[in-house]
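Chain residues, written in single-letter form:
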Amino acid sequence: MLLKTILWENNRVFILDQRRLPEKEVYIECSEATMVAEAITSLAIRGAPAIGIAAAMGIALGALKIAHRDFPSFYRELIPICDILKRTRPTAINLRWALQRMKGVCEANKEMDVEGIKEHMIREAIAILEEDIETNRMIGEMGKKLIRDGDVILTHCNTGALATGGYGTALGVIRKAWEENKRIKVVATETRPLFQGSRLTVWELKKEGIPLTLITDHMAGYCMQRGDINLVIVGADRIARNGDVANKIGTYTLAVLAMEHGIPFYVAAPISTFDKTIHSGEGIPIEERNGEEITTIFGKRIAPEEIMVYNPAFDITPHRYVSAIVTEKGVIRAPFENALRCIWGEKDDL
Ligand code: MRU
């Protein structure tokens, strides 16, 4: 059965609190958009597609609370709620994409009464969740051909059901290969500073019975040098038109290592992760998080007080290190922009 990361029920949003995993499976019940915003900021829900879904549901919750009955006043009150949700995490494009889609639904139905618009918004938010699961399954389908029987696959951070509406992107490709009886093994990096690998990826893989080995982030190079890894597959938070990829801090290091050792480096992401407006990775904003995420572990201080700390949550992997990007529309390779222009309908042929 698919794990439910987030769900809409009786005009409430239920979010599986990922900060508590793997010890406890508890849901946060949100009745206000600001509660969803707080869940996103504090990483109770994380992963690019999952925060997009959360934002869509958050804005639907916000809409329900607006009392105005005329469209202009309703919309005027909706925009600041959208902005609160948009500001929660700057790197993942999915969040903006989902909010844009929700605003589109309002505008397309502005002739309708406000209660009708609210209904449309709820339906759209649920559709975003359901479509994401379908998209992930397609990514798995497209990506499975990259995985051979017996492969040992290194992955970073968490890109599974928890990071999406369900199934996962990079982990979805791994899941699909496993479902097709390929005898694969996964090497998961713990993913400092917040351990999305050791807490979440390992938890998901173990539930599926997929063989796994956990390593610390800095062991990846040694494992590759020994010939222990056949391929690397990761997710993405935003991809520029030229194929430069923003993903969890440490991804760039893995990509450089993979190239040095002649190992394919794949990225799996939905088309909604590509930012049409950004030409290269330099234009992607990188979220900087609180230094306490590094100086403390689960509330216990491990570094001396009053020190300088730098905590970028993501990095940029230049496209030259990316062997291919697996999307729901197919596996695309360099030059990425040409393939994307075809997918976006900006160009008739490759
Ligand atoms: O800070 P996080 O945990 O939200 O970072 C998540 C990642 O970097 C994932 O690799 C990315 O969002 C893709 S999830 C399918």
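Residues numbered from 1 in each chain as written. Predicted model: local features only at pLDDT ≥ 70, side-chain atom pairs only at ≥ 80, totals over all residues. Heavy atoms only, no water.

Asker: Is there a simple way to explain the overall build of the protein in this structure?
Answerer: When helices and strands are tallied, the protein shows eleven helices and 15 strands. A globule of 350 residues ought to have a C-alpha radius of gyration of about 20 Å, and the protein, at 20 Å, matches this closely. With the principal axes as the frame, the protein shows a C-alpha extent of 65 × 60 × 40 Å. Taken across its 350 residues, the protein has 58% of its residues classed as buried. A separation threshold of at least 6 residues defines the contact pool for the protein, and within that pool the share at least 24 residues apart is 74%. (Helix = DSSP H or I, 4+ residues; strand = E, 2+ residues; numbered from the N terminus. Rg over C-alpha atoms; globule rule 2.2 N^0.38 Å. Buried < 20%, exposed > 50% of the residue type's maximum accessible area, 1.4 Å probe, protein only. Contact = heavy atoms within 4.5 Å.)

Asker: How should I be thinking about the site of the ligand in this particular structure?
Answerer: Surrounding the ligand, one finds 17 residues, the nearest of these being R46, A48, R89, N247 and K248. Between an oxygen atom of the ligand and a side-chain N or O atom of R46, the distance comes to 2.8 Å. N247 places a polar side-chain atom, nitrogen or oxygen, 2.6 Å from an oxygen atom of the ligand. When the ligand is considered free in solution it has 410 Å² of accessible area, and contact with the protein chains removes 99% of it. Broken down by secondary-structure element, the contributors of at least two residues to the shell around the ligand are α2 (48–64) and β9 (245–248). Along the lines of polarity and charge, the residues of the shell around the ligand split into six nonpolar, seven polar and four charged. (Near = heavy atom within 4 Å. Polar contact = N/O pair within 3.5 Å; in protein donor to acceptor, adjacent residues only side chain to side chain. Areas by Shrake-Rupley, 256 points an atom, 1.4 Å probe, with all protein chains shown as cover. Nonpolar A, V, L, I, M, F, W, Y, C, P; charged D, E, K, R; others polar.)

Asker: What am I meant to see in the side chain of T91 here?
Answerer: Locating T91 in the fold gives a position in the loop between α3 (71–86) and α4 (93–108). In terms of polar contacts, T91 uses its side chain to reach the backbone amide nitrogen of E287, at 3.0 Å. Not counting residues within four places of it along the chain, the set of residues in contact with T91 comprises D237, R238, A246, I284, P285, I286, E287 and F314.

Asker: Quick question: what am I supposed to make of the sheet that holds strand β4 (residues 152–155) here?
Answerer: As a general point, the strands of a sheet are linked pairwise by backbone hydrogen bonds and lie either parallel or antiparallel. The sheet built from seven strands is open, its strands ordered β6-β5-β4-β7-β10-β14-β15 with mixed pairing. The open sheet has two edge strands, β6 (212–215) and β15 (330–332), and neither has a second partner. Across the sheet, the axes of successive neighbouring strands diverge by a mean angle of 25 degrees, strand direction being ignored. Across the face of the sheet, helix α11 (residues 336–343) comes into contact with β14 (324–327) and β15 while running at roughly 145 degrees to β15. (Pairing = 2+ DSSP bridges. Axes fitted to C-alpha atoms, helices over the stretch in contact; angles between N-to-C directions.)

Asker: Quick question: what am I supposed to make of the environment of P335 here?
Answerer: Residue position: P335 is located in the loop between β15 and α11. Judged by relative accessible area, P335 falls into the exposed class, the value being 51%. Between the alpha carbons of P335 and R148 there is a distance of 25 Å; along the sequence they are 187 residues apart.

Asker: Could you clarify how one ought to interpret the pattern of salt bridges in this entry?
Answerer: As a working rule, side chains carrying opposite charge can pair if their charged atoms are close by. On inspection of all chains with the given rule, the structure shows 25 salt bridges. Of the charged contacts in the structure, one is a salt bridge between E25 and K207, with a shortest N-O distance of 3.6 Å. Placement of the pair is E25 in the loop between β2 (12–16) and β3 (27–30) and K207 in helix α7 (residues 196–208), with a sequence separation of 182 residues. A relative accessible area of 48% means that E25 is categorised as partly exposed. One network of salt bridges, in which partners are shared, links R89, E287, R289 and E293. (Salt bridge = Lys/Arg side-chain N within 4 Å of Asp/Glu carboxyl O.)

Asker: Explain the packing of aromatic side chains here, please?
Answerer: Any pair of aromatic rings gets described here by the distance separating the centres and the angle formed by the planes. Scanning the entire structure with this criterion turns up four aromatic pairs. A ring pair is formed by F71 and Y75, whose centres lie 5.2 Å apart and whose planes are at 20 degrees; its orientation type is stacked. Here F71 pairs with Y75, and both are found in helix α3, just four residues apart, close to one helical turn. For F71, a relative accessible area of 14% puts it in the buried group. Among the residues examined, Y75 registers a relative accessible area of 14% and is labelled buried. Every member of this aromatic cluster is reached through a ring pair, and the members are F71, F74 and Y75. The ring of Y167 carries the charged tip of R175 above its face, separated from the ring centre by 5.5 Å. The ring of F314 carries the charged tip of K248 above its face, separated from the ring centre by 4.5 Å. (Phe/Tyr/Trp six-rings, centres within 6.5 Å; stacked < 30°, edge-to-face > 60°. Lys NZ or Arg CZ within 6 Å of the ring centre and 35° of its normal.)

Asker: For this particular structure, what's the right way to read the sheet that holds strand β13 (residues 314–317)?
Answerer: Pairing within the open sheet is antiparallel, and its three strands lie in the order β8-β9-β13. Each end of this open sheet is capped by a strand with a single partner; those strands are β8 (238–239) and β13. Pairing between β8 and β9: two bridges, direction antiparallel. Following the sheet pairing, R238 is matched in β9 by A246.

Asker: What's the story with α7 in this structure? I'm lost.
Answerer: Residues lying three or four places apart along an α-helix face the same way, a consequence of the helix completing one turn every 3.6 residues. Its 13 residues give α7 an end-to-end C-alpha distance of 17 Å, which sits within 8% of 18 Å, the value for a rise of 1.5 Å per residue. The sharpest bend along α7 reaches about 30 degrees and sits at V202. With ten of 13 residues buried, α7 is to be regarded as a mostly interior element. Looking at α7, one finds that the buried residues are Q196, G197, S198, R199, L200, T201, V202, W203, E204 and L205. On its buried side, α7 packs onto β4, α6 (170–179), β5 (185–189), β6 and β9. (Expected span 1.5 Å × (residues − 1). Bend = angle between axes of the 7 residues up to and from the residue.)

Asker: Please explain α3 as it appears in this structure.
Answerer: Along its 16 residues, α3 runs 22 Å from first to last C-alpha, staying within 8% of the 22 Å computed at 1.5 Å per residue. F71, S73, F74, Y75, L78, I81, C82 and L85 are the residues of α3 that are buried. Against α1 (33–41), α2, α4 and α5 (114–143) lie the buried residues of α3.

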